[in-house]
Number of protein chains: 2
Amino acid sequence: MKYFEDIRVGDTYAVGRYTFNSDEIKAFATRFDPQLFHLDEDAAAASHFGALCASGWHTAVVWMRLMVDFRRRLTDEARARGEPVAGVGPALGFRELKWLKPVYVGDTIDYASEVTETRISNSCPGFGLMTLLSTGVNQNGEAVISFLSTAFVERRPGAI
Amino acid sequence: MKYFEDIRVGDTYAVGRYTFNSDEIKAFATRFDPQLFHLDEDAAAASHFGALCASGWHTAVVWMRLMVDFRRRLTDEARARGEPVAGVGPALGFRELKWLKPVYVGDTIDYASEVTETRISNSCPGFGLMTLLSTGVNQNGEAVISFLSTAFVERRPGAI
């Protein structure tokens, strides 16, 4: 990741893309969200969703996985260029998570995150706080999930 | 579930209890949050967490699983008494999700949900909206997660 001083409001990250298949939708739902419209095609067809669709929690945790991979790629690329790499602190939570549309079998979701706010941390002066608006958009251009998160990002050495 | 008219602000549900073991913490993290402090005891010991701990998303989706089981028990019990069962609509999202403390291997989390607001839906007059404040508390009485969610609950037939 970049240092806090190099992050600008409006910066946008193409976090990753994922296609939801029926086996993974059912496997996640069996373990964490065993409602019939996430488990069984016929029951889903008779539900208000009309077809098998992923647990909303599944669409959220796929973002987490893609974000971990995305940060790792950025870190590896920076190291390959001989550049220093800023540390990222733990996430403290999420706000305003909205499931806007169902995610059906075969839907491909593009996840992106945009920097909407930056400020220096009061409690940890070596870190800044970056707020991201993250969204998932399906192959028809419809937003299916959105949420806000705030993470600690290391400040450039000597910036304090 | 009860009908909307039978739900009161302040009603509290003991949703369920779950003990996080190391195999499940690692299996979830391998798939959805492969950061070293969720995967490897030694790396976790050297991190700011100090020991292997569950992904925050893992502590959230366990609530979902327990809530599905809890609702199913309530429904089965009501049917066994010959009572009608109110439908629950899909969740639209959640707000203010906070990871307040790490969840370490062996921690037992008690999840509870309290009704904090009720109102009739403007868009779907056959339903009410129930807002829940859900929390997870560990065996030392420390809150580890909290969030707000709002769900549709069917109104009593004849109440409209």
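What you see is a predicted model, and the numbers here were worked out from it, not measured in a lab. (Residues numbered from 1 in each chain as written. Chains lettered and ligands numbered in written order. Predicted model: local features only at pLDDT ≥ 70, side-chain atom pairs only at ≥ 80, totals over all residues. Heavy atoms only, no water.)

Engineer: If you had to explain the packing of helix H1 (residues 22-32) of chain A against helix H3 (residues 56-80) of chain A to someone new, which residues and values would you point to?
Structural biologist: All names here are of chain A. Axis separation between H1 and H3 bottoms out at 10 Å; the angle between their running directions is 105°. Judged on the interaxial angle alone, H3 and H1 are roughly perpendicular. Along its contact with H1, which presents Glu-24, Ile-25 and Phe-28, the element H3 presents Trp-57, His-58 and Val-61. Split by residue class, the contact of H1 with H3 holds 4 nonpolar, 1 polar and 1 charged. (Axes fitted to C-alpha atoms, helices over the stretch in contact; angles between N-to-C directions. Helix = DSSP H or I, 4+ residues; strand = E, 2+ residues; numbered from the N terminus. Parallel < 35°, antiparallel > 145°, perpendicular 65-115°, else oblique. Contact = heavy atoms within 4.5 Å. Nonpolar A, V, L, I, M, F, W, Y, C, P; charged D, E, K, R; others polar.)

Engineer: Before we move on, can you summarise the interface of chain A and chain B with the specific residues and values?
Structural biologist: In this assembly, 32 residues from chain A lie in contact with 33 residues from chain B. Buried area between chain A and chain B, both sides added, is near 2800 Å², and the carbon and sulfur share of it is 62%. Considering only the side of chain A, the residues that lose the most area to chain B are Phe-32, Trp-57 and Phe-94 of chain A, jointly responsible for 25% of the buried surface there. Applying the counting criterion to the chain A and chain B interface returns 2 salt bridges. Residue Glu-24 of chain B is joined to Arg-31 of chain A by a salt bridge in which the shortest nitrogen-to-oxygen separation is 2.8 Å. Seen at the junction of chain A and chain B, the total is 16 residue pairs in polar contact (both at pLDDT 80 or more). Mapped by element, the contributors of at least two residues to the side of chain A that touches chain B are H1, H3 and strand S2 (88-99) of chain A. At 11 residues, the largest contribution of residues to the side of chain A that touches chain B is made by H3 of chain A. In this structure, S2 of chain A lies alongside strand S2 (residues 88-99) of chain B, joined through 4 bridges in antiparallel fashion. (Buried area = accessible area lost by both parts, 1.4 Å probe. Salt bridge = Lys/Arg side-chain N within 4 Å of Asp/Glu carboxyl O. Polar contact = N/O pair within 3.5 Å; in protein donor to acceptor, adjacent residues only side chain to side chain. Pairing = 2+ DSSP bridges.)

Engineer: Go over the relation of the copies chain A and chain B, please, and point to the residues and values.
Structural biologist: Aligned on chain B, chain A shows an RMSD of 0.0 Å; the corresponding rotation is 180° and the shift along the axis is 0.0 Å. Taken together, the turn and the small shift mark the pair as related by a two-fold rotation axis. Taking the C-alpha atom as reference, chain A places Arg-95 of chain A closest to the rotation axis, 2.5 Å from it. The overlap is high: 100% of the interface residues of chain A also sit at the interface in chain B, so the same surface is used on both sides. (Least-squares fit on C-alpha atoms with pLDDT ≥ 70 in both.)

Engineer: Which residues make up the packing of aromatic side chains, and what values go with them?
Structural biologist: Inspection of the entire model under this criterion finds 25 aromatic pairs over all chains. Plain terms: the ring middles of Trp-57 of chain A and Phe-147 of chain B are 6.3 Å apart, the flat faces sit at 70° to each other, and that makes the pair edge-to-face. Here Phe-147 of chain B lies in strand S5 (residues 143-154) and Trp-57 of chain A lies in helix H3, a pairing that spans two chains. With relative accessibility at 4%, the residue Trp-57 of chain A sits in the buried group. What makes Phe-147 of chain B buried here is its relative accessible area of 2%. (Phe/Tyr/Trp six-rings, centres within 6.5 Å; stacked < 30°, edge-to-face > 60°. Buried < 20%, exposed > 50% of the residue type's maximum accessible area, 1.4 Å probe, protein only.)

Engineer: Run through the environment of Val-62 of chain A, naming residues and quoting values.
Structural biologist: Take Val-62 of chain A: it is sitting in helix H3. For Val-62 of chain A, a relative accessible area of 2% translates into the label buried. Along the chain, Val-62 of chain A and Phe-20 of chain A lie 42 residues apart, while their C-alpha atoms are 9.6 Å from each other. Setting aside its immediate chain neighbours within four residues, Val-62 of chain A contacts Tyr-18, Phe-20 and Tyr-111 of chain A together with Phe-32 of chain B.

Engineer: Any details on the state of the cysteines? Residues and values, ideally.
Structural biologist: Going through the model one piece at a time under the given rule, you end up with 0 disulfides over all chains. Here Cys-53 of chain B stays unpaired: no disulfide links it, and the sulfur of Cys-124 of chain A, its closest cysteine neighbor, is 17 Å away. When its relative accessible area of 1% is taken as the criterion, Cys-53 of chain B is described as buried. (Disulfide = S-S within 2.5 Å.)

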